[in-house]
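Each chain is listed here by its residues.
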Amino acid sequence: MQRKVAVVAAEQENSSDIGKSRERMLFDLVKRLYEKAGINRNDVGTFVICSNDFCTGHTISNVFEDCPIGAFMKDETKVEADGLMAATYAFMRILSGGYETALIVAHSQGGSVMRPYLMMEYELPPVYERQVGLMNELLAAAFQARAYLETFGIGEEVLNSIAARLLSNASMNPDAFNGKKGITPEDVSSSPYLYEPLHEMHCYPPTDGVCAVLLAAEEKAKQLTEKPVWIKGVGNSIDSFYLDRDLSRSESVKLASKRAFEMAGVKDPSSEIDLAEISVKFAHQEPIICEAMGLFPEGSAGKVSKEGEALFSGKMPVSPSGSGLGAYAFNAAGLSRIAECSKQLKGEAGEIQVEGAKTAVAHGQDGFCLQHNAVMVLSVEEG
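S.K.: Is there a simple way to explain a nonpolar patch on the surface in this structure?
M.R.: Taken together, the side chains of Val127, Tyr128, Val132 and Leu134 define a hydrophobic patch exposed on the protein surface, amounting to about 480 Å² of accessible area. Of note, Leu134 is situated in the loop between α6 (129-132) and α7 (137-152).

S.K.: Hey, could you run me through the nonpolar core in this one?
M.R.: In globular proteins that are soluble, nonpolar side chains generally tend to be buried together. Counting 62 residues, the largest nonpolar core has Tyr242, Ile278, Met293, Leu295, Phe296 and Phe330 as the members making the most contacts within it. Secondary structure elements with two or more residues in this core: α5 (116-120), α7, α8 (156-171), α11 (251-264), α13 (285-293), α14 (301-307) and β11 (372-379). The element contributing the most residues to this core is α7, with 8 residues. With near-sequence residues (within four places) excluded, Ile278 lies in contact with Ile289, Cys290, Met293, Val318, Ser319, Ser323, Arg337 and His363. In this structure, Val48, Ala81, Ile94 and Cys341 belong to the second largest nonpolar core, which totals 39 residues.

S.K.: Please clarify how the pairing of strand β2 (residues 46-50) should be interpreted in this entry.
M.R.: Two faces, one strand: in a regular strand the side chains alternate between the faces of the sheet. With 5 of 5 residues buried, β2 lies mostly within the body of the structure. Side chains of β2 alternate between two faces, with Thr46, Val48 and Cys50 and Phe47 and Ile49 buried alike. Across 5 bridges, β2 lies against strand β4 (residues 101-109) in parallel orientation. Paired with Cys50 across the strands is Ala106, a residue of β4. Taken together, the 4 bridges between β2 and strand β3 (residues 76-79) define a ladder with parallel strand orientation. Bridge assignment links Cys50 to a residue of β3, and that residue is Val79.

Cut-offs applied
- Residues numbered from 1 in each chain as written.
- Predicted model: local features only at pLDDT ≥ 70, side-chain atom pairs only at ≥ 80, totals over all residues.
- Heavy atoms only, no water.
- Patch = residues over 30% accessible without salt bridge, like charges linked within 9 Å, V, L, I, M, F, W, Y side chains within 5 Å.
- Areas by Shrake-Rupley, 256 points an atom, 1.4 Å probe, with all protein chains shown as cover.
- Salt bridge = Lys/Arg side-chain N within 4 Å of Asp/Glu carboxyl O.
- Helix = DSSP H or I, 4+ residues; strand = E, 2+ residues; numbered from the N terminus.
- Core = buried A, V, L, I, M, F, W, Y, C linked by side-chain atoms within 4.5 Å.
- Buried < 20%, exposed > 50% of the residue type's maximum accessible area, 1.4 Å probe, protein only.
- Contact = heavy atoms within 4.5 Å.
- Pairing = 2+ DSSP bridges.

The values reported here are purely geometric and, on their own, carry no functional implication.
This is the structure in C-alpha cells:
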C-alpha cells in the first residue's frame, strides 16, 4: 500500500527587496520553520533545494545554501525548476520508504539581485531568437493573452477584472507584498501598457522570496502536527515549444492535472475541489490554467468574472492569496502555492479564508507561456 505523506509545516517571506543576503534570507526562514515545527536539522531525512544557477549567478547554486538551511553533511539534492516540482520530487523520496521527512526550500532574489525578464531570455533558442533579440517573456505572454482573448471572443476588461481581484486578495495576505487595497478594474487599465494587451498590473512584480515546506510520512506527520495536510495526488507535464502550440489552451496543464486528479480519486474537479491556488505570472494565465484543469468551462472567463465565481467567497475560489500578482519569486512561486493551500486547509488564512475548505489544488509553472506545469491535490481528509 502506498505511504501517506503530509505537509506538516510551511513558511514563506516575499518582498520587493528583502534587505538580506541570500544566505541570511534562507537561514532566518528555515530557523523559523524549525521552531514552529519543534524540530532541528537532525530530524530532517532529506533536503531538496530549489534554486537556479542563472538566478543565483554562479554554477552549483546550492553549494552555498546547504549550511544556512542545516543541510550540511546531510542527504541533499537540487531541483532547478519550480518549487512545486521540487515538492513532487521530495514527495516521491518519502514514498520510496527511504525517508520519513523531507524539507523543500525554494528561493530567488528577483527584486534586488536578479532581473527576472532578462533571466528568462536564456530559455530562448540560442541560435536564432536569443541572437535576434526581438522575443522576450513579456512579448510571448502578450501573444498568449491575445490568443486567448481572440479565440474565445473575450475583451481586455476581463483581464482587468482578474488582475484587480488578485491584487485585492494580495492586499489581505501578509505573505504577499504587491497587494492593492480597493483596486478597481479601471485602475488596472490605467496602468501603462507593456505589450498590448498586457498592462503593468496584469504582470508579476520582481520579487525577493523564499519558501520552505516540511513533508512527513504518516506516523511522523501526526507526531509533528495536529493538522496534517495530506498530499492526495501529483501530476507533471511539459509541453512543446511555445511557437508550435495553441497558446489559447494548455495541454500540459490538462495532462498534469488529469494525472493528479486520477491519483487523488477526483472525478469532477469543479465540484470536489474547494479552492485552487494557481501560479500565474500574468492575469490571462488564470483562466487558461483553470479551464485546462476542468474547474471552469473552456472560454468562460467573462462569465466567471462577471458572476464572481472565482472570488474567495465564490463558487470556485481561485488564488485567495493573490498568486503571482501579489508576489512571484522564481523557483519559490509554486511552493508558495502549497503553503497557501496549507494555510487555507488548516483554517489559518485570516481575511482570505475560504470557509469549510477541505480539498485544494496547487499549481506551479516554468518556462515560456506555461510550457512546464505541475499540479498537487491536498486535503485535510486522510482517507
